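# Coordinate analysis (summary)
Residue strings, one per chain:
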Amino acid sequence: MRKSCNFTLYYLLVTFMIMFVVVNSQLTSDFYAKTCPNVLKVVRKEVQNAIKNEMRMAASLLRLHFHDCFVNGCDASLLLDGNSSTSEKFAAGNLNSARGFEVIDNIKKAVEDTCSGVVSCADILAIAARDSVLLSGGPTWKVKLGRRDGLVGNISGASTGLPAPFHSLNTIISMFQDVGLNITDVVSLSGAHTIGLAKCATFDNRLTNFSGSGGPDTTLDSTLVTELQNLCPSTSDGNNTAPLDRNSTDLFDNHYFKNLLIGRGLLESDQILYSSDAALTTTKTLVETYSNSSTIFFNDFVNSMIKMGNISPLTGSDGEIRKNCRAIN
């Protein structure tokens, strides 16, 4: 009888502990309500200042969160400095491309001045991404918080796991699926290209001898081809920039999808969402839906951002709260 009673108590205790760990590891929107109640206001102010100084920064901060979450999960590993064998900053998808690190430094300093050693760099990235969307005219949402910061970068993961402008649609879908995201997430998160700029080097392959055809990409609007050829001559260094969403560069809206319907998606990875053969049974209908309804796009984008922000977060006692986002403590 005593053994049975002891076993029952032990079973209940173990069950309670498991439930506690599960609950404790979940991200919540009020994670800092007691430990750093003003964190959202502090981050918002710094993001506002950054965007006021440079409108493009909204897109850059949003992209940082995306590129962080796709490698090692949302653990701020992208922010770690290092060399070409350790730091994700040296991966092809980030080198001379990912930007906004100084803004994150400023936000972290302001947060540390408010409540030292409490808020992770990973959570700062998530909040800054949300605020960048909102301050660009897009939707808002309650950011789930409670992430902790990773201790190592993963350059190999960044080199192989980040979708590139030159990837096929099936490859991109597969990369999203590898981190738990689906086709709806592919299209809605691609809608982040409604703001920001891209360098010629990311799309000039479409302007001449595309895929060995001898001419430009036939899915690219011919008048846009001429404009881009003038912007990106073959003798250039590839660093000139063009808006990802022409005629709506700094406004977060559904105009990006309207462009795809008329062949004015800047990146190959943009236009294939509508014009490729693979799109017929995967993404084309969603592009059409979003082009007709900003409400549906906004709703799906918010849901996808929350899902992306929940990719393999470090919680509980895993990782750490970095004092400096560029280095482990």
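Refer to the structure printed above.
Quick caveat: nothing in here was measured; it's all calculated off a predicted structure.

### Brief notes about the overall build of the chain
For the chain, the count of helices and strands is 13 helices and two strands. Taken against the 2.2 N^0.38 rule, which gives 20 Å for 329 residues, the C-alpha radius of gyration of the chain at 22 Å falls within 12% of a compact globule. Taking the principal axes of the C-alpha coordinates as reference, the chain spans close to 85 × 45 × 40 Å. Of all 329 residues assigned to the chain, the portion counted as buried reaches 47%. Taking all contacts inside the chain whose residues are at least 6 apart in sequence as the whole, residues at least 24 apart take part in 74%. Surface summary for the chain: the accessible area is close to 15600 Å², and the carbon and sulfur share equals 54%. The chain carries 28 positive and 31 negative side-chain charges, and their two centres are separated by 9 Å.

### Some words on the packing of helix H8 (residues 183–190) against helix H12 (residues 284–292)
Taken N-terminus to C-terminus, the directions of H8 and H12 make an angle of 45°; their axes are 10 Å apart at the nearest point. Relative to H12, the element H8 lies oblique. For the crossing formed where H8 meets H12, the hand is right-handed. Contact with H8, carried on its side by Ile183, Thr184, Val187 and Ser188, involves Leu286, Val287 and Tyr290 of H12 and no other residues of that element. Split by residue class, the contact of H8 with H12 holds five nonpolar, two polar and no charged.

### Remarks on the nonpolar core
Of all hydrophobic cores here, the largest spans 76 residues; its most connected members are Ile104, Ile107, Val111, Phe301 and Met308. A total of nine residues in this core trace back to one element, the largest contributor, which is helix H5 (residues 121–134). By size, the runner-up hydrophobic cluster in this structure holds 13 residues, among which are Val225, Ala242, Leu244 and Leu267.

### Some points on the state of the cysteines
Summed over all chains, the structure comprises four disulfides. What pairs with Cys200 in a disulfide is Cys232, and their sulfur atoms sit 2.0 Å apart. The sign of the -70° torsion about the S-S bond sets the Cys200-Cys232 disulfide as left-handed. Separated by 32 residues along the polypeptide, Cys200 in the loop between strand E1 (197–199) and helix H9 (222–231) and Cys232 in the loop between H9 and strand E2 (241–243) bring together distant segments of the chain. In terms of burial, Cys200 and Cys232 fall into one category: buried. Numbered by order of appearance in the sequence, the disulfide-linked cysteines of the chain pair as 1-4, 2-3, 5-8, 6-7.

### Considerations on the packing of H8 against helix H13 (residues 294–308)
What describes two packed helices is the angle between their axes and the distance between those same axes. The geometry of H8 relative to H13 is characterised by a closest axis approach of 9 Å and an angle of 110° between their N-to-C directions. Classed by the angle they form, the pair H8 and H13 counts as roughly perpendicular. Residues Thr184, Asp185, Ser188 and Leu189 of H8 touch H13, and the partners they reach there are Phe297, Asp300, Phe301, Ser304, Met305, Lys307 and Met308.

### A look at H8
Structurally, the α-helix is built with 3.6 residues per turn, so residues lying three or four positions apart point the same way. With six of eight residues buried, H8 is to be regarded as a mostly interior element. Of all the positions in H8, only Asp185, Val186, Val187, Ser188, Leu189 and Ser190 are classed as buried. The secondary structure elements touched by the buried residues of H8 are helix H7 (169–178), helix H10 (255–261), helix H11 (268–275), H12 and H13.

### Brief notes about unusual backbone geometry
Residues other than glycine seldom take positive phi values, yet Asn72 does so here, at roughly 70°. Note that Asn72 resides in the loop between helix H3 (57–69) and helix H4 (101–114). Relative accessible area serves as the criterion here: at 32%, Asn72 is assigned to the partly exposed category. Positive phi is not limited to glycine here, since Ser312 has a value of about 45°. Within the secondary structure layout, Ser312 lies in the segment after H13.

### Considering a nonpolar patch on the surface
A grouping of Leu151, Val152 and Ile328 is seen on the molecular surface, where their side chains present a nonpolar patch of about 270 Å² in accessible area. Leu151 gets classed as partly exposed once you look at its relative accessible area, which sits at 45%.

Parameters and conventions
Residues numbered from 1 in each chain as written. Predicted model: local features only at pLDDT ≥ 70, side-chain atom pairs only at ≥ 80, totals over all residues. Heavy atoms only, no water. Helix = DSSP H or I, 4+ residues; strand = E, 2+ residues; numbered from the N terminus. Rg over C-alpha atoms; globule rule 2.2 N^0.38 Å. Buried < 20%, exposed > 50% of the residue type's maximum accessible area, 1.4 Å probe, protein only. Contact = heavy atoms within 4.5 Å. Areas by Shrake-Rupley, 256 points an atom, 1.4 Å probe, with all protein chains shown as cover. Lys, Arg positive; Asp, Glu negative; His and termini not counted. Charge placed at Lys NZ, Arg CZ, Asp CG, Glu CD. Axes fitted to C-alpha atoms, helices over the stretch in contact; angles between N-to-C directions. Parallel < 35°, antiparallel > 145°, perpendicular 65-115°, else oblique. Left-handed = near helix turned anticlockwise from the far one by under 90°. Nonpolar A, V, L, I, M, F, W, Y, C, P; charged D, E, K, R; others polar. Core = buried A, V, L, I, M, F, W, Y, C linked by side-chain atoms within 4.5 Å. Disulfide = S-S within 2.5 Å. Patch = residues over 30% accessible without salt bridge, like charges linked within 9 Å, V, L, I, M, F, W, Y side chains within 5 Å. Salt bridge = Lys/Arg side-chain N within 4 Å of Asp/Glu carboxyl O.

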